[in-house]
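Secondary and tertiary structure notes
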Amino acid sequence: MNRFLGFRNKCSPFSFSRYVHSLSFATVKAEEVSGSQPAEVLNLVKGKWTSSSSWNTIPDPLNGEPFIRVADVDVNGIQPFVESLSQVPKHGLHNPFKAPERYLMLGDVSTKAAHKLALPEVSDFFAKLIQRVSPKSYQQALGEVFVTRKFFENFCGDQVRFLARSFAVPGNHLGQQSHGFRWPYGPVTIITPFNFPIEIPVLQLMGALYMGNKPLLKVDSKVSIVMEQTLRLLHECGLPLEDVDFINSDGKTMNQILLEAKPRMTLFTGSSRVAEKLALDLNGRIKVEDAGFDWKILGPDVHEEDYIAWVCDQDAYACSGQKCSAQSMLFVHENWSKSSLLHKLRDLAARRKLDDLTVGPVLTVTTEVMLDHMNKLLEINGSKLLFGGEALQNHSIPTIYGAIRPTAIFIPLEEILKEDNYELVTKEIFGPFQIVTEYKHDELPLVLNALERMHAHLTAAVVSNDPLFVQEIVGNSVNGTTYVGLRARTTGAPQNHWFGPCGDPRGAGIGTPEAIKLVWSCHREVIYDIGPVPQNWTTPQPT
């Protein structure tokens, strides 16, 4: 396992970081990106990699040194990106009636990309690069690369054109048939966050391309170096340079591009607040995978205590809790309260340490904000700190980021449901932070009431093999990705099932054929009516 101190490398004889690398597509070495050897991230527009008149310097999340320079596009530099999107026809780069060979080309690109990501040196390169910009354990980073590779494997060969499969329905008379087709939007935009630097942008980008769209991709600048290197790999695998534009900018600049270019569809993954603003700005032409205050319910059947404690620890604290699917609230049945589950949770959380990045920097919430939130929660009657609640010690993480021990706070269920407390308790803290509560068997309606009042409905888990209990919970909730059974979790979404919210017509999915077709295409009906006209037909009376 990599230790974060290992990234502080000795000085290299090179004074620049964009050099010929043993990986033919790569322009950086993950281990050598540092304050003394800062990497550079460029933009891609109209098939050309471009620099910018201004550079955004990214601080190393582990020591604060300026270690990446990002070519930052401001509002004065957006015209090439606006023009590139504006030149894309509404019917896309390909569709079932136009340039169908592109479906095959993208299947070939997927095949080659899957092969490259299966090479140990390539997967290791991306895992370590992810660790540098979004610190997480090597296993977590490598798992992200693995899921991305499996996604490419899923769409090799003919699988891309199978996404555009049509259907036909017989008409009312001879020569008439209606055909349904999946149609691209044409110019589209993709905005993705920092926490999964390769998995989220790749899966959404390729889905957009598969269906015939021309995307402009914006990834959080803190981690955009990962996707820049991924695009270079895809180009080496045969993806035309003109097929994707890639921009580094702040939110204000990107918003201006959206207003001027008027993309036909935008995929946004990130905070609910920004999602709501974009929905208004774009007149609803948006799909959203926003924040998730995700819950887990432990049912009445108590077994496999060690395993379930381990899954709870992983769900709440892996990647320092910076997953939109992270376990935010744990409902513990009274039968579990008699077990040693919470003690085991505490012991598992205590194993996490900065050395191996099983706990690390929180990139969107400061230590002060998290501890302040904790103190407000501890003012609620009956609340108590189960474990954590302290800042990490002996580190050099910059103060613009957060660094706390994995934390759990117990709050009585009846207090959670009080009007004055509910919004505070269910506020999402994108860090190693969870709420724990207990319910008695006859208090299940109160638990269901708590779920009904939540705003975000992304993932959930019902840990029980009692089919009637599971049926009651699932039938009275809406979370888009819900795991049930003994091994139920809230995180770890692979590429083989739908992942996305439910209960919102703007909800986006990711990874599966159903998700790709829903997000990146629309329905078009073509009705063939070729005749013949009936014999002895005469012009009827007007109607």
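Residues numbered from 1 in each chain as written. Predicted model: local features only at pLDDT ≥ 70, side-chain atom pairs only at ≥ 80, totals over all residues. Heavy atoms only, no water.

Our next topic: the pattern of salt bridges. With the rule as written, the count across this model stands at 28 salt bridges. We note a salt bridge from Asp356 to Lys353, for which the minimum N-O separation is 3.3 Å. Within the structure, one salt-bridge network assembled from shared partners comprises Glu31, Asp124 and Lys128. (Salt bridge = Lys/Arg side-chain N within 4 Å of Asp/Glu carboxyl O.)

This part covers the sheet that holds strand 1 (residues 39-41). With mixed pairing, three strands are arranged side by side in an open sheet as 1-5-4. The open sheet has two edge strands, strand 1 and strand 4 (54-59), and neither has a second partner. Across the sheet, the axes of successive neighbouring strands diverge by a mean angle of 25 degrees, strand direction being ignored. Strand direction decides the pairing type here: strand 4 and strand 5 (residues 66-72), joined by six bridges, are antiparallel. Counterpart to Thr57 in the pairing with strand 5 is Arg69. Along the sheet, helix 7 (residues 224-236) makes contact with strand 1 and strand 5, crossing strand 1 at roughly 75 degrees. (Pairing = 2+ DSSP bridges. Helix = DSSP H or I, 4+ residues; strand = E, 2+ residues; numbered from the N terminus. Axes fitted to C-alpha atoms, helices over the stretch in contact; angles between N-to-C directions. Contact = heavy atoms within 4.5 Å.)

Turning our eyes to something else, we now look at helix 8 (residues 251-261). Looking at helix 8, one finds that the buried residues are Thr253, Met254, Asn255, Ile257, Leu258 and Ala261. On its buried side, helix 8 packs onto helix 1 (79-86), strand 8 (187-192), strand 9 (214-219), strand 10 (245-247), strand 11 (265-269) and helix 9 (272-281). Following helix 8 by one or two positions, Lys262 has its phi on the positive side, about 55 degrees. (Buried < 20%, exposed > 50% of the residue type's maximum accessible area, 1.4 Å probe, protein only.)

Right, let's get into the layout of surface pockets. Where empty space is left can be seen by rolling a probe of water-molecule size over the atoms. In this model, the second largest pocket occupies a volume close to 620 Å³. If you go around the second largest pocket, you meet 30 residues; those closest to its centre are Lys323, Thr491, Gly492, Ala493 and Pro494. If you list the elements that add at least two residues to the lining of the second largest pocket, you get helix 4 (138-154), helix 6 (199-210) and helix 10 (305-317). (1 Å grid on protein atoms, 1.4 Å probe; cavity = no way out; pocket = protein on both sides within 12 Å on 5 of 7 lines; lining within 4 Å. Points joined across faces, edges and corners; volume = space filled by probe spheres on them.)

The omega angle of the peptide bond from Gly531 to Pro532 is 15 degrees, so this bond is cis rather than trans. Of note in this structure, Ala99 is not a glycine but carries a positive phi near 45 degrees. Residue position: Ala99 is located in the loop between helix 1 and helix 2 (101-118).

Per the counting criterion, the structure on display carries three cavities of 30 Å³ or more. The calculated volume of the largest cavity comes to roughly 110 Å³. In terms of lining, the largest cavity is formed by 19 residues, of which the most central are Phe293, Ser328, Glu428, Ile429 and Phe433. Mapped onto the lining of the largest cavity, the elements with two or more residues apiece are strand 14 (327-333) and strand 17 (433-439). Among the elements that line the lining of the largest cavity, the one with the most residues is strand 17, at three residues. When grouped by side-chain class, the residues that make up the lining of the largest cavity number eight nonpolar, seven polar and four charged. (Nonpolar A, V, L, I, M, F, W, Y, C, P; charged D, E, K, R; others polar.)

Once that is clear, we can look at the sheet that holds strand 18 (residues 459-463). Ordered by their spatial adjacency, seven strands build an open sheet running 15-16-17-14-13-18-19, and the pairing between neighbours is mixed. Each having just a single partner strand, strand 15 (384-387) and strand 19 (481-484) make up the two edges of the open sheet. Looking at each pair of strands side by side, their axes are set apart by 20 degrees on average, direction ignored. Where strand 18 and strand 19 come together, four bridges link them in parallel fashion. Considered in strand 19, the bridge of Ala460 is made with Thr482. Its contacts with the sheet place helix 13 (residues 367-377) against strand 15, strand 16 (407-410) and strand 17, and it is angled at close to 20 degrees to strand 17.

Right, let's talk about a nonpolar patch on the surface for a bit. Together, Phe97, Tyr528 and Ile530 give the surface a local cluster of nonpolar side chains, amounting to about 350 Å² of exposed area. By secondary structure assignment, the location of Ile530 is in the segment after strand 20 (522-529). (Patch = residues over 30% accessible without salt bridge, like charges linked within 9 Å, V, L, I, M, F, W, Y side chains within 5 Å. Areas by Shrake-Rupley, 256 points an atom, 1.4 Å probe, with all protein chains shown as cover.)

What follows concerns the packing of helix 6 against helix 18 (residues 513-520). Contact pair helix 6 / helix 18: the axes reach a minimum separation of 9 Å and the direction vectors enclose 70 degrees. With respect to helix 18, the element helix 6 is oriented roughly perpendicular. By crossing handedness, the relation of helix 6 to helix 18 is classed as right-handed. Along its contact with helix 6, which presents Gln204, Gly207, Ala208 and Tyr210, the element helix 18 presents Ile516, Val519 and Trp520. Taken together, the residues of the contact of helix 6 with helix 18 break down into five nonpolar, two polar and no charged. (Parallel < 35°, antiparallel > 145°, perpendicular 65-115°, else oblique. Left-handed = near helix turned anticlockwise from the far one by under 90°.)

Running from amino to carboxyl end, helix 2 crosses helix 6 at an angle of 155 degrees, the nearest separation of the two axes being 10 Å. Between helix 2 and helix 6, the angle is such that the two are roughly antiparallel. Counted together, Tyr103, Leu106 and Ser110 of helix 2 and Met206, Leu209 and Tyr210 of helix 6 form the full contact between these two elements. Looking at the contact of helix 2 with helix 6 residue by residue, the class counts come to five nonpolar, one polar and no charged.

Further remarks concern helix 6. Between its terminal C-alpha atoms helix 6 stretches 16 Å, which fits the 16 Å expected from twelve residues at 1.5 Å a residue. Across the twelve residues that make up helix 6, a large majority, twelve, are buried. Along helix 6, the residues classified as buried are Glu199, Ile200, Pro201, Val202, Leu203, Gln204, Leu205, Met206, Gly207, Ala208, Leu209 and Tyr210. Phi for Gly212, located one or two positions after helix 6, is positive at around 105 degrees. (Expected span 1.5 Å × (residues − 1).)

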